[in-house]
Amino acid sequence: MSSLSSNRLLFILCSILTLPLLSWSLKYPATHQPAIYDTTVARMEDDILGYVNDYRSKKGLPALQMNADIAREAQKHSVDMASHKVAFGHDGFEERVKIISYEIGNMNSSAENVAYGNLSPKEVVGIWLKSPGHRKNIEGRYTLTGIGTATDENNTIFFTQIFVRK
């Protein structure tokens, strides 16, 4: 294949792949996207897991394992809260659990912690540990977790951590 025809093929492929993104960006311009998945904020998810697992270790509990399917639902909930699609809280938790169960199979139990504010990972875990209900979830007999974060138009961070025991 000549260099010209391979370049033309590459151009056509890039055009085909770019069209759906272009139509999406025209429909949802960046200035109208209140919920943002910022990679800097996303790194907080790993730190939150680290602080939760450090606490669990001190209590003689096994570490939670991050699960991509659970994290996807936690992320979606944080984005929905940050974009004000749903109110801050646990609305829709049963639906999230159904979706997770479909993805990973039968589960024995599940729970969820949410928070919002301009908080560091250490601060959000500290707030959860001061709350009896949130601490109970962190100390629960769960084996898997997923954490999601998103920021709203005011750069307020919304946090969701879902806990699952298979």
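Model, not experiment: these values are computed from the prediction. (Residues numbered from 1 in each chain as written. Predicted model: local features only at pLDDT ≥ 70, side-chain atom pairs only at ≥ 80, totals over all residues. Heavy atoms only, no water.)

**A closer look at the overall build of the protein chain**
Heads up, the condition is: A run of DSSP states H or I qualifies as a helix once it reaches four residues; a run of E qualifies as a strand once it reaches two. Both are numbered from the N-terminal end. Exposure is judged per residue with a 1.4 Å probe applied to protein chains only, and the accessible area is read against the type maximum: over 50% gives exposed, under 20% gives buried, and values in between give partly exposed. Any pair of residues with heavy atoms lying within 4.5 Å of one another is described as a contacting pair. The accessible surface values rely on the Shrake-Rupley method and a 1.4 Å probe; as for residues, cover is taken only from the protein chains in view.
On a plain count of helices and strands, the protein chain comes out with six helices and four strands. Starting at the N terminus, the α and β elements of the protein chain follow one another as α-α-β-α-α-β-α-α-β-β. The buried share of the protein chain, taken over its 166 residues, is 39%. Taking the intrachain contacts of the protein chain between residues at least 6 apart in sequence as the baseline, contacts between residues at least 24 apart amount to 70%. Counting every atom, the protein chain has about 10,000 Å² of accessible surface; 58% of that belongs to carbon and sulfur.

**So, helix H3 (residues 68-82)**
Keep this limit in mind: One less than the number of residues in a helix, times 1.5 Å, gives the span that helix is expected to have. A 3.5 Å cut-off defines polar contacts: any pair of N or O atoms within that distance qualifies, except that in protein one atom must be a possible hydrogen donor and the other a possible acceptor, and neighbouring residues in sequence count only when both atoms are side-chain atoms.
Between the first and last C-alpha of H3 there are 21 Å, a value that for 15 residues agrees with the 21 Å anticipated at 1.5 Å per step. For H3, the buried fraction is high: 11 of the 15 residues fall into the buried class. Listed in full, the buried residues belonging to H3 are Asp69, Ile70, Ala71, Glu73, Ala74, Gln75, His77, Ser78, Asp80, Met81 and Ala82. N-capping of H3 is provided by asparagine 67, with a side-chain oxygen placed 2.9 Å from the backbone N of aspartate 69. One or two steps after H3, the chain reaches histidine 84, where phi turns positive at roughly 65 degrees.

**Here we look at the sheet that holds strand E1 (residues 65-66)**
Our working definition: Pairing between strands requires that DSSP locate at least two bridges from one strand to the other.
Reading across from one edge, E1-E3-E4-E2 is the order of the four strands in this open sheet, with mixed pairing throughout. Of all the strands in the sheet, just E1 and strand E2 (109-117) have a single pairing partner and so form its edges. Here eight bridges tie strand E3 (residues 144-151) to strand E4 (residues 157-165), and the two strands are oriented antiparallel to one another. In the sheet register, threonine 149 faces E4, and the bridge partner there is phenylalanine 159.

**Let's talk about unusual backbone geometry**
Among all residues except glycine, the phi angle is most often negative; among peptide bonds, the trans geometry is most common. One non-glycine residue, histidine 84, lies in the positive phi region at around 65 degrees. Along the chain, histidine 84 falls in the loop between H3 and helix H4 (93-104). For asparagine 155, which is not glycine, the phi torsion reads 65 degrees and is therefore positive. Tracing the sequence through the fold places asparagine 155 in the loop between E3 and E4.

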